[in-house]
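# What the coordinates show
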Amino acid sequence: MIGHTWAQQLLSRAAQRNRLAHAYLFVGPTSVGKTSLAMHLASLLVCSSQIGRPCGVCRGCKSVARQGHPDVRLIERASDRRDITIEQVRQLEGEIALTPYEAPHKLFCVAGADLMNDAAASALLKTLEEPPPNASLVLTAADPMSLPITIRSRCQTLTLQPVPAHVIADALQADLKVEDDRAKELATLAHGRPGWAVRATTDHDLVEREAAAYRAISALPRQGPYSRMVAIEALLGKGSFLETRARALDLLSRLEGWWRDALFAAQTGVAPDLRRFMVGAVDSVPASLPEIVGFLLKIQETASRVEANVTPRLAVDHLIGMMPTIRSVDRASS
Ligand SMILES: [Zn+2]
């Protein structure tokens, strides 16, 4: 489990005091660690160690890790399906009502609950309305607003923020023995998503795609209106309203990361340590400090508007039109 220490502690305390909620909703960007946190909670419940729970090495912890514990279930969308089906929810309904086999408490996780179809969501609502004793349900969602309010209101929501790059880099080095520079590079490209960074240690294509997106974002301040529009079109792609909204929010969080680095560079005259190796990174400072701060606020406002259902493409186009243009001054060498 990388990052989200506050959430781990909150769940530990609740588990220790036997005060777990019947239903949790873990919200956050894709690969930020929502399902990992759910499995962390599952390990807490089944771990037989007296200290340092979850220990990660006892029989209970290991069976959770290989998804073989009888009291822990992870329900996900099948790779060949568009959504989580009612059959999957009905099976959950039947199993969660049974008393636990080994652990004192059962934990069922519906990962990507925002991908449930309407029938599945109504079936799940029944379980939430009559929660079985000795069981907790965790829903995870990148886009919680697409879940019915009747479901959201019955869950305790924990919102996971992007994990700082240095935390991800340290974990890659310590846990996966990734070499220093490589760990920093992957942590940077991960822009807050530990799950992405871990996958990227073995998936070169994933790294290439992300690096291309990073280069496109770095190039925006140097481009005129037309090139910016073409670049945004490529970054957002085509798809349904929900898909475009998810991609727009993703793009806005990347933009925010890049402009935060620009702010750091403008304040200190040096590019942030983690980004020095990146081609086209913040080597020259775009715009003045007030312009950068102003644009960062506009990025956040745009994200709020997209979350509130404004047409994503319109909101992003409007924002990109207001992006400061680079002044091309290499502050590091002056
Ligand atoms: Zn354990």
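Residues numbered from 1 in each chain as written. Predicted model: local features only at pLDDT ≥ 70, side-chain atom pairs only at ≥ 80, totals over all residues.

### Regarding the overall build of the protein chain
When helices and strands are tallied, the protein chain shows 14 helices and 7 strands. Relative to its length of 334 residues, the protein chain is compact, with a C-alpha radius of gyration of 22 Å against a globular reference of 20 Å. Projected onto its principal axes, the C-alpha coordinates of the protein chain cover approximately 70 × 40 × 35 Å. In the protein chain, the proportion of contacts linking residues at least 24 apart, taken out of those at least 6 apart, comes to 71%. (Helix = DSSP H or I, 4+ residues; strand = E, 2+ residues; numbered from the N terminus. Rg over C-alpha atoms; globule rule 2.2 N^0.38 Å. Contact = placed C-beta atoms within 7 Å.)

### Notes on the pairing of strand E4 (residues 135–141)
Counting buried positions over the 7 residues of E4 gives 7, a clear majority of the element. Side-chain alternation along E4 places Ala135, Leu137, Leu139 and Ala141 on one buried face and Ser136, Val138 and Thr140 on a second face that is also buried. In this structure, strand E1 (residues 23–27) lies alongside E4, joined through 5 bridges in parallel fashion. Directly across from Tyr24, in E4, lies its bridge partner Val138. Looking at chain direction, strand E3 (residues 106–110) and E4 are connected through 5 bridges and run parallel. Of the residues in E4, the one forming a bridge with Cys109 is Val138. (Buried ≥ 20, exposed ≤ 12 C-beta atoms within 10 Å, placed from the backbone. Pairing = 2+ DSSP bridges.)

### Brief notes about the confidence of the model for the protein chain
For the protein chain, per-residue confidence averages 87 on the pLDDT scale, and residues scoring 70 or more make up 92% of the total. Ignoring residues within four places in sequence, the model shows residues 328–334, a span with pLDDT below 50, making 12 contacts including any to other chains. (pLDDT = per-residue confidence, 0-100.)

### Points about helix H10 (residues 204–219)
End to end, H10 covers 23 Å across 16 residues, agreeing with the expected 22 Å (1.5 Å per residue, within 8%). Buried within H10 are the following residues: Val207, Tyr214, Ile217 and Ser218. The arc enclosing the buried residues of H10, seen along the axis, measures out at 100 degrees, which places them on a common side. Relative to its buried face, H10 has exposed residues pointing more than 90 degrees away, namely Asp205, Glu208 and Ala212. Structurally, H10 contributes buried residues whose contacts are with helix H8 (180–189), helix H9 (194–200) and helix H12 (241–268). (Expected span 1.5 Å × (residues − 1). Arc of directions from axis to C-beta.)

### Side note on the sheet that holds E1
The sheet built from 5 strands is open, its strands ordered E2-E3-E4-E1-E5 with parallel pairing. Strands with a single pairing partner mark the edges of an open sheet, and in this sheet they are strand E2 (72–75) and strand E5 (156–159). Neighbour to neighbour, the strand axes of the sheet diverge by 15 degrees on average, direction disregarded. (Axes fitted to C-alpha atoms, helices over the stretch in contact; angles between N-to-C directions.)

### Here we look at unusual backbone geometry
Residue Pro54 follows Arg53 across a cis peptide bond; omega there is -10 degrees. Of note, Pro54 is situated in the loop between helix H2 (34–46) and helix H3 (59–65). Phi at Asn18 takes a positive value of approximately 60 degrees, unusual for a residue other than glycine. Positionally, Asn18 belongs in the loop between helix H1 (5–16) and E1. Residue Asn18 is classed as exposed on the basis of its C-beta count, with 8 C-beta atoms lying within 10 Å. If you check the backbone angles, His191 has positive phi at about 25 degrees while not being a glycine. Locating His191 in the fold gives a position in the loop between H8 and H9.

### Remarks on the packing of H12 against helix H14 (residues 312–321)
Across the interface, H12 lies against H14 with an axial gap of 9 Å and an inter-helix angle of 25 degrees. One finds that H12 runs roughly parallel with respect to H14. In the packing of H12 onto H14, the handedness of the crossing is left-handed. When H12 is examined against H14, the residues Thr244, Arg245, Ala248 and Leu251 are found in contact with a partner set consisting of Pro312, Arg313 and Val316. When the residues that make up the contact of H12 with H14 are grouped by side-chain class, the tally is 4 nonpolar, 1 polar and 2 charged. (Parallel < 35°, antiparallel > 145°, perpendicular 65-115°, else oblique. Left-handed = near helix turned anticlockwise from the far one by under 90°. Nonpolar A, V, L, I, M, F, W, Y, C, P; charged D, E, K, R; others polar.)

### Section: the packing of helix H11 (residues 225–236) against H14
As a packed pair, H11 and H14 sit with axes 10 Å apart at the nearest point and diverge in direction by 145 degrees. Note on packing geometry: the crossing formed by H11 with H14 is right-handed. Together, Pro225, Arg228, Met229, Ile232 and Leu236 of H11 and Arg313, Val316, Asp317, Ile320 and Gly321 of H14 make up the contact between the two elements. Taken together, the residues of the contact of H11 with H14 break down into 6 nonpolar, 1 polar and 3 charged.

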